[in-house]
Amino acid sequence: MSDHLSILSEKAIQLLKSLISTPSFSRDESATADLIAEFLQERGIETQRIGNNVVARNKHFDSSKRTVLLNSHHDTVKPNAQYTRDPFSPDIEDGKLYGLGSNDAGGCLVSLIATFLHFHPKSDLAYNVMLAATAEEEISGSGGVELITPHLPPIDCALVGEPTKLDLAVAERGLMVLDCVAQGQAGHAARNEGINALELALDDIQWIRNHQFAHVSDFLGACKMTVTVIETPNKAHNVIPAECKFVVDVRVNELYSFEEILEEIRSNISATITPRSFRLRSTSIATDHPLVKAGIKMGRNPYGSPTTSDKALMPFPALKTGPGDSARSHSANEYIYVDEIRGGIEHYIHLIEHLQQSSS
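Description of the structure in this document. All values reported here derive from a predicted model rather than from experimental measurement. Just so you know, the residues in each chain are numbered from 1, in the order the chain's sequence is written. Under the rules for a predicted model, residues below a pLDDT of 70 receive no local features and side-chain atom pairs below 80 are neither given nor counted, while totals for whole chains, interfaces and linings still include all residues. Computation of side-chain values: all heavy atoms of the structure, hydrogens and water removed.

Below, the discussion takes up the nonpolar core. Counting 52 residues, the largest nonpolar core has Leu40 and Leu319 as the members making the most contacts within it. Tallying contributions element by element places helix 3 (residues 102-119) first for this core, with 10 residues. Each residue touching Leu40, except ones within four places of it in the same chain, is listed here: Ile45, Thr47, Val54, Ala56, Ile113, Phe116, Leu117 and Leu131. Met176, Ala182, Ala201 and Ile261 belong to the second largest nonpolar core, which has 25 residues in total. In these notes, a set of buried Ala, Val, Leu, Ile, Met, Phe, Trp, Tyr and Cys residues joined through side-chain atoms within 4.5 Å is what counts as a nonpolar core. Only protein chains enter the area calculation, which uses a 1.4 Å probe; residues under 20% of their type maximum are buried, those over 50% are exposed, and those in between are partly exposed. Counting from the N terminus, the helices are the DSSP runs of H or I reaching at least four residues and the strands are the DSSP runs of E reaching at least two. Contact between two residues is taken to exist if any of their heavy atoms lie within 4.5 Å; hydrogens are not considered.

This part takes up the pattern of salt bridges. Put simply, a salt bridge is a Lys or Arg side-chain nitrogen that is within 4 Å of an Asp or Glu carboxyl oxygen. Tallied over the entire structure, the rule returns 14 salt bridges. The partner of Glu93 in a salt bridge is Arg85, and the shortest N-O contact between them spans 2.9 Å. With its nearest N and O atoms 2.8 Å apart, the salt bridge here joins Glu259 to Arg281. On the criterion of sequence distance, the pair formed by Glu259 in helix 6 (residues 258-266) and Arg281 in the loop between strand 14 (272-275) and strand 15 (283-284) is long-range, its members being 22 residues apart. Look at Glu259 and you get partly exposed, because its relative accessible area is 39%. Where salt bridges share partners, they join Glu10, Asp339 and Arg342 into one cluster.

Turning our attention to the packing of aromatic side chains. Only Phe, Tyr and Trp rings are paired, with Trp represented by its six-membered ring, and only when their centres lie within 6.5 Å; those with planes under 30 degrees apart are stacked, over 60 edge-to-face, the remainder tilted. Evaluated as defined, the whole model comprises 5 aromatic pairs. Seen in terms of ring centroids, Tyr335 and Tyr337 are 5.5 Å apart; in terms of plane orientation they differ by 85°. Their pairing is edge-to-face. On the accessibility criterion, Tyr335 (19% relative accessible area) is buried. Just above the ring of Phe25 sits the side chain of Lys78; from NZ or CZ to the centre is 5.6 Å. Over the aromatic face of Tyr98 sits the side chain of Arg85, whose NZ or CZ is 3.8 Å from the ring centroid. Any Lys NZ or Arg CZ found within 6 Å of a ring centre and within 35 degrees of that ring's normal is scored as a charge over the ring.

Residues Leu198, Leu202 and Ile230 make up a contiguous nonpolar surface patch of about 240 Å² in total accessible area. By relative accessible area, which is 32% here, Leu198 ends up partly exposed. Two joining distances apply to patches: 9 Å for like charges and 5 Å for nonpolar side chains (Val, Leu, Ile, Met, Phe, Trp, Tyr), and every residue must have over 30% relative accessible area and no salt bridge. Where accessible areas are quoted, they stem from the Shrake-Rupley method and a 1.4 Å probe; at the residue level, only the protein chains shown are allowed to cover.

Structure, rendered in structure tokens:
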């Protein structure tokens, strides 16, 4: 590794240690936003604070040029009960940096910040490079990417930092949650009375369980529906329920819109359906996009991610990739390898360099 990359790596690791030491649960990220802003400002970089989000532009930003956004989040979940280490103590042992948020997504975030530092002073960029360290990703909150998007210049593409082992998440499942209500008619269970809403709901659930949507994605496979909650208001055993509510978790591949999925379900079940939100839509970026092509040339594998991220909230093409392993996310005694951070910086710089060259 060159001296320049070694210096960037050391800065990134020190910043990550500071972030781990500072609790930053979703909707309570002000302190880590302060840390990130101060880190950038100490290096002569102007920052913009939007809520608990920190945004910065390259020094020679030119509004006539295209722009790539570097994004990852600085909020974390709360530590689970199986932690045996102090989740806020950034200890390095056997090449592993331990601490809450180290893998998800601190390693990605500081690697992207180091990448931004690399490109910030350059005056000959074909693409502007912007940085956005955002909040509320872990809860898909409205105070993160959605809050800053109206304040950004036009964005042509983005790198979203999440732990993928540096592989290329070119597609991501969307999530649509449906609240369903089957309506019947109350009656006495001992007599042949009423219309059992629970039985109506079970008929609908049977269809949901067995139905297969026609279009299967090469990256994400088939759309998947799972009933996760079912309930009636009844407390008495001898009353035919007049109403039965159930919840459906729908994971949508990139070949369908939410509206298409919803119409197909409504055409086949009797319950009334109310979607909770259309926010977390499925996304994809073309495999011939310069960012993806660069990653493939580096030997990285394109794949479809079953989990959602802030990529779902971006109205522009975005590639999800980064150091770390998603299997460690939200786990007890979370860690990232120090070498993964160094590799992440090299990975991101190479992707951005290829993007710059692709437009020349």
